[in-house]
Each structure stands twice: as C-alpha cells, then as structure tokens.
Amino acid sequence: MVNLSEFEANFKNFEIPEELIELVNFQNSTGDDENFSDKFYIGRDYSDKSGIKGYSDDEEFTNSIIEFAMADGTGSTYAFWLRDKNENLSEAPVLVFGSEGGIHIVAKNIRELLEILTFDVEPAIGWDKIYFYKDEDDYEPTEKTEEYKKWVLEKYGIEATEDPDGIVKNAQEIYEDEFQNWLKKYYND
C-alpha cells in the first residue's frame, strides 16, 4: 500500500496531479504492486534524486525532474519534466529513464501515460529509443489489467490502446527537439 503523505515527499512544493492521486488510490484498492500493468508500480521514495543524479547532479537538472513510478522490472522510472519551470504537473511531459541508460519523452502528459499503461507491457528502453512490444503468443495479462482498463475508461474516458508507440511518437514529435536541447546543458552521452 502506498501512503499518500509519504508519496508526496517526491513532489516537494508541487501539487500532485489528481490523475496520479487517483492512480495511487486505484493501485491501493487492488491490494498489490505491479498487478494492473506489467511491472508498473508507484510507491518508491525518489526524493533524494539518486536515480537521476547518474545523468547530472546539477541542481537545475534535478529540480526539473520529478520521478514518480517504476516503469519496468529493472529499475527504469517514469518522471515529469518541468519544462520552462511549468508547475502544472497534469500537463507536464512524462519521461522514462532507462535503468541501463537512455532518457526519452514517453507521453505529453499523465493522461497519455495512463493510456499507455492499458497496453499492459513494460517498455523496452535503450539509449536511442523506447518501444512497447507484445508477443501475442507469449503474452499473459497482468492480474488486474482488465479492472484497470475499466477504471481508466470510466474515470477519464481513456480507451485501451493497441498503439502505445504511436502515443510516444506523437509526444516526441512535440517535445523531443526541445528536450534534447535542454538535456545537452546537463548531460552528453
């Protein structure tokens, strides 16, 4: 179970998006971590910024990133990017930090991430790209994925996607150049 007051430590002076609070409540209602979208879960404390400091420990960089969830089973994370010091996290682009490297724009906002989670597979994250792959012959749905799809449809009108890579591509078309130019100030691979 995620304690919301402890989870708030990740956000310092920022208001947690309502969608994320509701997602925490949904996750808590299912009784277990990682059981509604493959390897995704909320609950870790990221307030020390130790995961992203491997890319840059510049305070301007670390203050512009708010990690909030595990993206896969190897330690990759989802985070908000506070571009132009935007304080409305509901509209902040969502990044993914690969545990083995690579930082990518993954969604234009939290609602698009909620849609991606309906695909029910963990992302494949490399230095050059992120993608979602589902082998229909080997795919086993996560225990509560149908419950999640129903919840996100009823709560936000978000339909399950069969094209998470299209969502990623669209977000990257909007933000990738700006993000890469911003990132160069702090990190060169």
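Residues numbered from 1 in each chain as written. Predicted model: local features only at pLDDT ≥ 70, side-chain atom pairs only at ≥ 80, totals over all residues. Heavy atoms only, no water.

### Here we look at the pattern of salt bridges
Using the criterion set out here, one finds seven salt bridges in the structure. Residue lysine 108 pairs with glutamate 112 through a salt bridge whose shortest N-O separation is 3.4 Å. Classification of lysine 108 by relative accessible area gives partly exposed; the value is 23%. One salt bridge in this structure joins glutamate 146 and lysine 149, with 3.4 Å as the shortest N-O distance. (Salt bridge = Lys/Arg side-chain N within 4 Å of Asp/Glu carboxyl O. Buried < 20%, exposed > 50% of the residue type's maximum accessible area, 1.4 Å probe, protein only.)

### What to know about the packing of helix 4 (residues 110–117) against helix 5 (residues 145–156)
Helix-helix packing is characterised by the crossing angle of the two axes and by the distance between the axes. It is the contact of helix 4 with helix 5, at a shortest axis distance of 10 Å, that shows an interaxial angle of 150°. Looking at the two axes, helix 4 sits roughly antiparallel to helix 5. In terms of crossing hand, the pair formed by helix 4 and helix 5 is left-handed. Contacts between helix 4 and helix 5 involve Arg111, Leu114 and Leu117 on the former and, on the latter, Tyr148, Val152 and Tyr156. Looking at the contact of helix 4 with helix 5, its residues break down into five nonpolar, no polar and one charged. (Axes fitted to C-alpha atoms, helices over the stretch in contact; angles between N-to-C directions. Helix = DSSP H or I, 4+ residues; strand = E, 2+ residues; numbered from the N terminus. Parallel < 35°, antiparallel > 145°, perpendicular 65-115°, else oblique. Left-handed = near helix turned anticlockwise from the far one by under 90°. Contact = heavy atoms within 4.5 Å. Nonpolar A, V, L, I, M, F, W, Y, C, P; charged D, E, K, R; others polar.)

### Overview of the sheet that holds strand 4 (residues 103–107)
The strand order across the open sheet formed by four strands is 1-2-3-4, and the pairing between neighbours is antiparallel. The sheet terminates laterally at strand 1 (65–70) and strand 4, the two strands that pair on one side only. Strand-to-strand twist of the sheet, defined as the mean angle between neighbouring strand axes without regard to direction, takes the value 35°. Pairing analysis gives four bridges linking strand 2 (residues 77–81) to strand 3 (residues 94–97), with the strands arranged antiparallel. Note on strand 3: the bridge partner recorded for threonine 77 is phenylalanine 97. The strands that helix 6 (residues 164–184) touches are strand 1, strand 2, strand 3 and strand 4; relative to strand 4, the one it contacts most, it runs at about 140°. (Pairing = 2+ DSSP bridges.)

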